Amino acid sequence: MPRLSEVIAALDALWPPASAEDWDAVGTVCGDPDQEVSRVLFAVDPVQEIVDEAVKLDADLLVTHHPLYLRGTTTVAASNFKGRVVHTLIKSDIALHVAHTNADRADPGVSDALAGALDLRVVRPLVPDPDDADGRRGLGRVCELDHPLTVREFAARAAERLPATAQGIRVAGDPEALVRTVAVSGGSGDSLFADVRAAGVDAFLTADLRHHPASEARAHSPLALLDAAHWATEWPWCELAAAQLDEISDRHGWDLRVHVSKTVTDPWNSHSPSPGAPN
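My aim in this report is to walk through the structure given alongside it, one point at a time. Predicted model only: the values in this text are computed from it and were never measured.

A look at the packing of helix α1 (residues 4–14) against helix α9 (residues 230–252)
Item 1. For the pair α1 and α9, the least separation of the axes is 11 Å and the interaxial angle reads 125 degrees. Here α9 runs oblique to α1, going by the angle between their axes. Considering how the two elements wind past one another, α1 and α9 form a crossing that is right-handed. Packed against α1, whose contacting residues are V7, A10, L11 and L14, the element α9 presents Q244, L245 and I248 at the interface.
Item 2. Of the residues that constitute the contact of α1 with α9, the class distribution is six nonpolar, one polar and no charged.

Now the structure itself:
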């Protein structure tokens, strides 16, 4: 069995920590570099229910997309929920490793996995990484559909292909407009509207679209907006990342058992539609 340090080195090669945003907190949160790793669990959020799942699975390593401590802390006391997460992990000999914006920028990365879940052909990054001479890394992806769909049909495809959440898919735009090209960005994407407009696509699928940025984007152009749940747009990356680690394990003869959590950790758990609201 490989040591944790060997597995982390392989993960860092997939998602180099140096490519993360300056404000981000990626890398190993806890874990003994010399401990052996035989079972790994991938998930979006390092919350208690995911940690409990890792304990039941007898995992040695939990890899999440979202950081546990994004803004730092002065305590890991078990009197708060993040402290309890740390205590549970350490008591159970489970390491925690985070790949966040470094996984967003990777090739393949979070938005490639999102595009794959929607059967889109990736053309290029939406915001290319200036340090990538091959032009494959960066934030978001510009994609093409295999055949044109209406906005309504494309939204239905997204609702069917992405994990089910209480929110589903919110849509802004003409439901009957044709969609041939799409920009996608896993996670919060309304900071990318200028890049989306510059890409000249027919639709933009992302998460966490706020009222004013979305309203202004619609006023600028007939761009269709599809707003999915944050967790749902990033969960496909877990499957991609697990497959990447499986391949590395096979190549090195590590015989790792790699799992993907299907626990829904989107914070919204129910939805009551307004009477008479548009469908």
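There is more to say, and it comes next.
Some remarks on the sheet that holds strand β3 (residues 61–64)
Item 1. Reading across from one edge, β1-β4-β3-β2-β11 is the order of the five strands in this open sheet, with mixed pairing throughout. The sheet terminates laterally at β1 (27–30) and β11 (257–260), the two strands that pair on one side only. Each neighbouring strand pair of the sheet contributes to a mean axis angle of 25 degrees, computed without reference to strand direction.
Item 2. Relative to β11, strand β2 (residues 39–43) runs parallel, the two being bridged by four bridges. Each bridged residue has a counterpart across the sheet, and for F42 the counterpart in β11 is V260.
Item 3. Contacts between α9 and the sheet are confined to β2, β3 and β11, with β11 contributing the most and set at about 175 degrees to the helix.

Topic: the sheet that holds strand β9 (residues 203–207)
Item 1. Reading across from one edge, β5-β6-β8-β9-β10-β7 is the order of the six strands in this open sheet, with mixed pairing throughout. Two strands bound the open sheet, and with one partner strand each, they are β5 (121–128) and β7 (169–172). Taken over all neighbouring pairs, the strand axes of this sheet differ in orientation by 25 degrees on average, direction set aside.
Item 2. Pairing geometry for strand β6 (residues 138–150) and strand β8 (residues 178–188), over six bridges, is antiparallel. Each residue of the ladder has a partner; that of V142, found in β8, is A183.
Item 3. Relative to the sheet, helix α6 (residues 151–161) contacts β6, β7, β8, β9 and β10 (224–228), its axis offset from that of β6 by approximately 120 degrees.

Points about the pairing of strand β4 (residues 95–98)
Item 1. Neither face of β4 is exposed, since A95 and H97 on one face and L96 and V98 on the opposite face are all buried.
Item 2. Pairing geometry for β1 and β4, over three bridges, is antiparallel. Residue pairing in the sheet places G27 in a bridge with V98 of β4.
Item 3. The parallel pair β3 and β4 is bridged by helix α3 (residues 81–91), and the resulting crossover is right-handed.

Details of the pattern of salt bridges
Item 1. In the structure shown here, the tally under the stated rule is 14 salt bridges.
Item 2. For D107, the salt bridge is made with R136, and the minimal N-O distance between the two is 2.7 Å. Within this pair, whereas D107 is found in the loop between α4 (101–105) and α5 (110–117), its partner R136 is found in the loop between β5 and β6, the two being separated by 29 residues in sequence.
Item 3. According to the relative accessible area criterion, D107 is partly exposed, its value standing at 34%.
Item 4. Owing to a relative accessible area of 49%, R136 belongs among the partly exposed residues under this scheme.
Item 5. As a salt-bridge pair, R137 and D132 come within 3.7 Å of each other at their nearest N and O atoms.
Item 6. Residue classification places R137 among the partly exposed residues on the basis of a relative accessible area of 31%.
Item 7. The network of salt bridges with common partners includes R3, E6 and D34.

Rules used throughout
All residue numbers refer to positions counted from 1 along the written sequence of the respective chain. Only residues with pLDDT of 70 or above have their local features reported here, since the model is predicted, and side-chain atom pairs are shown and tallied only from 80 upward, although totals for entire chains, interfaces and linings are computed over all residues. Each side-chain value is derived from all of the structure's non-hydrogen atoms; neither hydrogens nor water enter the calculation. Between the N-to-C directions of two axes lies an angle of 0 to 180 degrees, each axis being a line fitted to C-alpha atoms and, for a helix, fitted only over the stretch in contact. Secondary structure elements are taken from DSSP: a helix is a run of H or I of four residues or more, a strand is a run of E of two residues or more, and numbering for both begins at the N terminus. Should an angle fall under 35 degrees it is taken as roughly parallel, and over 145 as roughly antiparallel, whereas 65 to 115 is taken as roughly perpendicular and any remaining angle as oblique. Handedness of a crossing follows from how the near helix is turned relative to the far one, being left-handed for an anticlockwise turn of less than a right angle and right-handed for a clockwise one. Every residue pair with non-hydrogen atoms within 4.5 Å of one another is taken to be in contact. By the convention adopted, Pro, Cys, Tyr, Trp, Phe, Met, Ile, Leu, Val and Ala count as nonpolar, Lys, Arg, Asp and Glu as charged, and the other residues, Gly among them, as polar. When DSSP finds two or more bridges between two strands, those strands count as paired. Burial status follows relative accessibility: with a 1.4 Å probe on protein chains alone, a residue under 20% of its type maximum counts as buried, one over 50% as exposed, and anything between as partly exposed. Handedness of a crossover is defined as follows: with both strands directed away from the viewer, a clockwise route from the first strand across the helix to the second makes it right-handed. For this analysis, a salt bridge means a side-chain nitrogen from Lys or Arg found within 4 Å of a carboxyl oxygen belonging to Asp or Glu.

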